[in-house]
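# Structural overview for review
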Amino acid sequence: MLVSATDMLKKAKAGHYAVGHFNINNLEWTKSILLTAKELRSPVILGVSEGAGKYMGGYHVVTGMVNALLKDLDIDVPVALHLDHGTYEGCYKCIEAGFSSIMFDGSHYPIDENIAKTRELVKAAHSRGLSIEAEVGAIGGEEDGVVAAGECADPAECKLIGDLGVDFLAAGIGNIHGKYPANWAGLSFETLENIQKLTGDLPLVLHGGTGIPADQVRKAITLGVSKVNVNTECQIAFAEAVRKYIEEGKDLEGKGFDPRKLLAPGCEGIKATVRLKMEMFGSIGKAD
Ligand code: 13P
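Throughout what follows, the structure given in this document is the object of discussion. Residue positions are counted from 1 within each chain, in the order its sequence is given. Local features in a predicted model are, by the rule used here, given only for residues with pLDDT of at least 70; side-chain atom pairs are given and counted only at 80 or more, and totals for whole chains, interfaces and linings are based on all residues. Side-chain figures throughout are based on the complete set of non-hydrogen atoms in the structure, without hydrogens or water.

The next point concerns the overall build of the chain. For the chain, the count of helices and strands is twelve helices and ten strands. As a reference, a globule follows 2.2 Å times the number of residues to the power 0.38, and the radius of gyration itself is taken over C-alpha atoms. Compactness check: the chain gives a C-alpha radius of gyration of 18 Å against a globular reference of 19 Å for 288 residues, within 12% of the reference. Each of the three principal axes of the chain carries a C-alpha extent, and together these read 60 × 45 × 40 Å. When contacts within the chain are restricted to residue pairs at least 6 apart in sequence, long-range pairs at least 24 apart make up 72% of them. Helix and strand definitions follow DSSP, with helices as H or I runs of at least four residues and strands as E runs of at least two, each counted in order from the N terminus. Whether two residues touch is decided by their heavy atoms; if any such pair falls within 4.5 Å, the residues are in contact.

This part is about the nonpolar core. Here, nonpolar core means buried Ala, Val, Leu, Ile, Met, Phe, Trp, Tyr and Cys residues that are tied together by side-chain atoms lying within 4.5 Å of each other. Relative accessibility under 20% of the residue-type maximum defines a buried residue, over 50% an exposed one, and the middle range a partly exposed one, all with a 1.4 Å probe and only protein chains included. Counting residues in each nonpolar core, the largest one holds 75 residues, and the members touching the most others are Phe 22, Ile 24, Ile 33, Val 66, Val 79, Ile 102 and Phe 281. Setting aside residues up to four positions removed in sequence, Val 79 forms contacts with Met 1, Leu 2, Val 3, Met 8, Leu 34, Val 44, Leu 46, Leu 70 and Ser 100. With 13 residues, the next largest nonpolar core counts Met 8, Ile 45, Ile 139 and Val 205 among its residues.

Let us look at the packing of helix H6 (residues 111-127) against helix H7 (residues 155-162). The angle between two axes is taken between their N-to-C directions and runs from 0 to 180 degrees, where each axis is a line fitted to C-alpha atoms and a helix contributes only its stretch in contact. Where H6 contacts H7, the axes come no closer than 10 Å and their chain directions differ by 20 degrees. In terms of orientation, H6 lies roughly parallel with respect to H7. In this structure, the crossing between H6 and H7 has a hand that is right-handed. Across the interface between the two elements, Ile 111, Asn 114, Ile 115 and Thr 118 of H6 pack against Glu 157, Leu 160 and Ile 161 of H7. These descriptions rest on fixed angle ranges, namely under 35 degrees for roughly parallel, over 145 for roughly antiparallel, 65 to 115 for roughly perpendicular, and the rest for oblique. Helix crossings fall into two classes, left-handed where the near helix is turned counterclockwise from the far one by less than a right angle and right-handed where it is turned clockwise.

One heavy atom within 4 Å of a molecule or strand makes the whole residue count as near it. Surveying the vicinity of the ligand reveals 14 residues, the closest of which are Asp 84, Gly 178, Gly 208, Thr 210 and Thr 232. Side-chain atoms alone can form a polar contact between residues adjacent in sequence; in general such a contact is a pair of N or O atoms within 3.5 Å, and within protein one must be able to donate a hydrogen while the other accepts it. Note that an oxygen atom of the ligand is positioned 2.8 Å from one of the backbone N or O atoms of Gly 178. Asn 229 is positioned with one of its side-chain polar atoms (N or O) 3.2 Å from an oxygen atom of the ligand. Working definition of accessibility: Shrake-Rupley area with a 1.4 Å probe, residue cover restricted to the visible protein chains. Coverage of the ligand by the protein amounts to 97% of the 310 Å² it exposes when considered alone.

The next subject is the pairing of strand E4 (residues 101-104). Side chains of E4 alternate between two faces, with Ser 101 and Met 103 and Ile 102 and Phe 104 buried alike. Only strands joined by at least two bridges in the DSSP assignment are considered to pair. Pairing of E4 with strand E5 (residues 131-136), which is carried by four bridges, proceeds in the parallel orientation. Along E5, the bridge assignment pairs Ile 102 with Ile 132. By convention, orient the strands away from the viewer: a clockwise path from the first strand over the helix to the second makes the crossover right-handed. After leaving E4, the chain enters H6 and then returns to the sheet as E5, a path that is right-handed.

Okay, the pattern of salt bridges next. Opposite charge on two side chains permits them to pair, given that their charged atoms come into close proximity. Counted as salt bridges are all cases of a side-chain nitrogen of Lys or Arg within 4 Å of a carboxyl oxygen of Asp or Glu. Under the criterion given, the structure shown has eleven salt bridges. Among the ionic pairs, Arg 275 bridges to Glu 39, the shortest N-O distance being 2.7 Å. With Arg 275 in helix H12 (residues 264-281) and Glu 39 in helix H2 (residues 27-40), this pair connects stretches of sequence that are 236 residues apart. Judged by its relative accessible area of 30%, Arg 275 falls in the partly exposed class. In this structure Glu 39 comes out as exposed when scored by relative accessible area, which is 53%.

In short, geometric facts, not functional conclusions.
Set out below in C-alpha cells:
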C-alpha cells in the first residue's frame, strides 16, 4: 500500500540519512526502482512530473500501475507516489487520482501568492492523508539550451512557507536540474545552514541530484536534507545501456529484438544507479 512521505522523511531527518526520490517514466522504470528498494530494504519515493504523467496516459494510469506492482511484486518497504513540481491544478488532479504525496511548485509566483496557494493545498492534501512538499527559490536547469544558475532561496521566505504546515521543503541552494556545467560553483552550504536554523525539524529536499559529488550530498544530509531527487542519471544509465546493446548488434541476434530483451540492459542500468544513490544517501536497511 502506498504511504505518505511524512513519516519516512521524519525518520530520515532524525536518523541523518536521506530517502531517494526517483522519477518514473514507464513500467520498466517503476519496476526497476521498486525491486531495488525491496532488495535493499530502503524506503523510496516515486516521483512523477506532469509531463511524465501525461506521457504514461494520465494520473489514473500511474496509480493503477504502481498499486498493482506493489501488490504483484509483494513490495514490503514504504513507497510514496509523489507529484514532482506540480501546478495548482495538477495537485488537485493527483489528490483525486490516488497519489500519496504532492509537490506544489509555486516558486515562480510572488511570495504572497506562493503562500496563499500552498496554504490551501496543505489543507487539501492533509485532509486526504497525503504529504505535501513546497518550493522556495527557483531551481535552475537547462531550458532551450541555456543553463541557468541555481538560485539560492531566501531563508526568511523558507520559514514563511515552512510554517504553513508543509511536510518537506525544496529550497534552492545552487542546485540545478540535469547535468551540471563545468564551471558550477557547488552547493551553497551557508544558505542551507541558514535555512535549517530557521526551519528546524522540517525535512529539506535537494533537487537536481544528478551529478552532485558524493561528499557534497553527504554534507547536505548532515545539514538537514532528508530527500534527494534523481531523474537525469537514471535516464542516462538507461540510454547508455540500450545503446550499447544495439551497437553490439544484439538486437539482430536470434530474438534480440524482443522488447523484454532489448530493454533489459536499460533496466539493469537504472537498478545500478538507484543502488548507488541509496548507498550514498544512507537509506539502505531503513525500511524496517
Ligand atoms: P536531476 O534530473 O538533475 O536528477 O533532477 C531531478 C529532480 O530534481 C526532479 O525534481
